[in-house]
Amino acid sequence: MKKQVIVILSLVLLVAITLGAYLFVRNNNQEKQKKESEDAAALQLVDFNSSNINKIEIQTPDGDDYTAVIGAESNVWELTEDTDFHINVYFLNSVAGSLCNLTATENLGVATEDIKKQYELDNPYTITLSTDDGSRTLYTGKLTATKEYYYIMSDKSDDVFLVDAKYGDYLRPNKNSLKSIYVQTNQNSQVDQMKLIHNGETVFDLKKKDATSWQMISPIESDFVNVLNINNLQTNIMQLIIDKFGEEHVTEDQYAEYGFDDPAYTFYFSQEDGTETTIYAKNYDTESAQFVECLQKETGQIFYCATSYISFLLAEPADFLSDVIYDADMADVASVQVHIDGETDLNMELDSENKQYTVNDIDVAALGTDAVDALTTLYDNLTGLTTSTLDLTDNVPMEEEPEITLTYNLKDGTTEVITFLAKDKESYYVLRNGEYSGFLAKRTAFTSRNGILEFYHRLEKTIGMTE
């Protein structure tokens, strides 16, 4: 009996010891977790919902003070101060989003006056985030020696903290941070003219004719432009961003001082709202340069753009002229006359909707599929003709008789006349409606094995005009 009592007492003691150990560990873990939670809370410098931040106040060591608020009507960031620049609302959105839950990595302890001076916290960058319910002010000094962290204080503590250097752009904003990085500041107004001058020579001058069409007015006048490339140029202008800002308010009498008295490039564009933008750009090594130094005439702002964004400075006139001599859908054409000096003189009447076609009064449709295929192949190759070389000469022999004339009579009553004037044994000057297009066409487009004459002869043979 005594032995059983001893066993029972031993078991009770063991349970008590185990329970005590468990309670000790649990309480210890709870205390540890509590301390970790308190330590983490002590490192959290800001605890806001970013969407509730409605005011951002900025002060720089240089004395620039700015206050941004969410506009009552616009619902976007606006500066309360009158400024000579457009605001970068995206930057302010990033400030609110990045700093709303800012947490330090380490607490360095209480800041004495000597420590503040050592860490440049005696004259810091100051930023205050406000909501309807409260505010938090952050004071930012310099980077640590390893450049991994910034020294920072807040208005809720006398301690100095370390904050990851990745937040530096938002903790140390300045006037340039607040400037819009887009060269085209008003992107709600359409561009209606674009002009590039390189070393004093006009590369292109494009002007809008109406809501959907453009024309080149220099170095050659032409309505026959490459619409796709023009649209791409407009997109490039809209997306042109500034990588870094330089001096501002540079006046014309200071251009030589900054190297802009004789710029390599001048790019101009205007918008339908009357805004005009002129960019001067310095020469640069197109193989190795990463950035191009620019000056905007209207604001006097020097800035730097990545070469990949401003690559349109290297454009050529041919980039914005159509190399397709004339492209008309057969459904829109009533008839085509083809005259090739001494060899071909035919009239094709086309009614593709009803699949009725005649060539020199021969009913092609009545001759069957092969005849219709031969006609449409010739037509497709006529409208598929392309130019070969841009030649901006002023010596086109306009008085000469053309060797080739293509006349398209459209169903809307208009007529397009394409003429080819001899230049040499290899090429023609191409004219559209009596205006030189600026391009040459190769003679082989007509005389080669798969040229226009070959397809004409196939049609001629298929419809019985020749044996």
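The shown structure was predicted, so the numbers you read here are calculated from the model rather than taken from an experiment.

**Some details on the pairing of strand 13 (residues 265-271)**
The element strand 13 is extensively covered by neighbouring structure, given that seven of its seven residues are classed as buried. Burial along strand 13 is two-sided: Tyr 265, Phe 267, Phe 269 and Gln 271 and Thr 266, Tyr 268 and Ser 270, pointing in opposite directions, are all buried. Strand direction decides the pairing type here: strand 9 (residues 191-198) and strand 13, joined by seven bridges, are antiparallel. What sits directly across from Val 191, in strand 13, is Gln 271. When strand 13 meets strand 14 (residues 276-281), the two strands line up antiparallel, connected through six bridges. Pairing of Ser 270 across the sheet is with Glu 276, part of strand 14. Taking the residues between adjacent antiparallel strands as the criterion, strand 13 and strand 14 are bridged by four residues, where Gly 274 takes a positive phi near 95°.

**Let's talk about the packing of helix 8 (residues 369-383) against helix 10 (residues 452-462)**
It is the contact of helix 8 with helix 10, at a shortest axis distance of 9 Å, that shows an interaxial angle of 160°. Relative to helix 10, helix 8 is oriented roughly antiparallel. Considering only the axes of helix 8 and helix 10, their crossing is left-handed. Of helix 10, the residues touching helix 8 (which contributes Asp 370, Ala 371, Ala 374, Leu 375, Thr 377, Leu 378, Asn 381 and Leu 382) are Ile 452, Phe 455, Tyr 456, Leu 459 and Thr 462.

**Details of the sheet that holds strand 6 (residues 135-143)**
Ordered by their spatial adjacency, eight strands build an open sheet running 3-2-1-5-6-7-8-4, and the pairing between neighbours is antiparallel. Each edge of the open sheet is held by one strand with a lone partner, namely strand 3 (77-79) and strand 4 (106-110). The mean angle between the axes of side-by-side strands here comes to 25°, regardless of whether they run parallel or antiparallel. Where strand 5 (residues 125-130) and strand 6 come together, six bridges link them in antiparallel fashion. Along strand 6, the bridge assignment pairs Ser 130 with Ser 135.

What counts, and where the lines are drawn
- Each chain carries its own residue numbering, running from 1 in the direction its sequence is written.
- Under the rules for a predicted model, residues below a pLDDT of 70 receive no local features and side-chain atom pairs below 80 are neither given nor counted, while totals for whole chains, interfaces and linings still include all residues.
- Here the side-chain values reflect all heavy atoms present in the structure, with hydrogen atoms and water set aside.
- Relative accessibility under 20% of the residue-type maximum defines a buried residue, over 50% an exposed one, and the middle range a partly exposed one, all with a 1.4 Å probe and only protein chains included.
- Helix and strand labels come from DSSP, where a helix needs a run of H or I of at least four residues and a strand needs a run of E of at least two; each type is numbered from the N terminus.
- At least two DSSP bridges between two strands are required for those strands to pair.
- Here an angle of 0 to 180 degrees is reported between the N-to-C directions of two axes, which are lines fitted to C-alpha atoms, with helices fitted over the stretch in contact.
- Between 65 and 115 degrees an angle is taken as roughly perpendicular, under 35 as roughly parallel, over 145 as roughly antiparallel, and anywhere else as oblique.
- When the near helix sits turned anticlockwise from the far one by under a right angle, the crossing is termed left-handed; a clockwise turn instead gives a right-handed crossing.
- Between two residues, a contact is recorded if the distance between any of their heavy atoms is within 4.5 Å.

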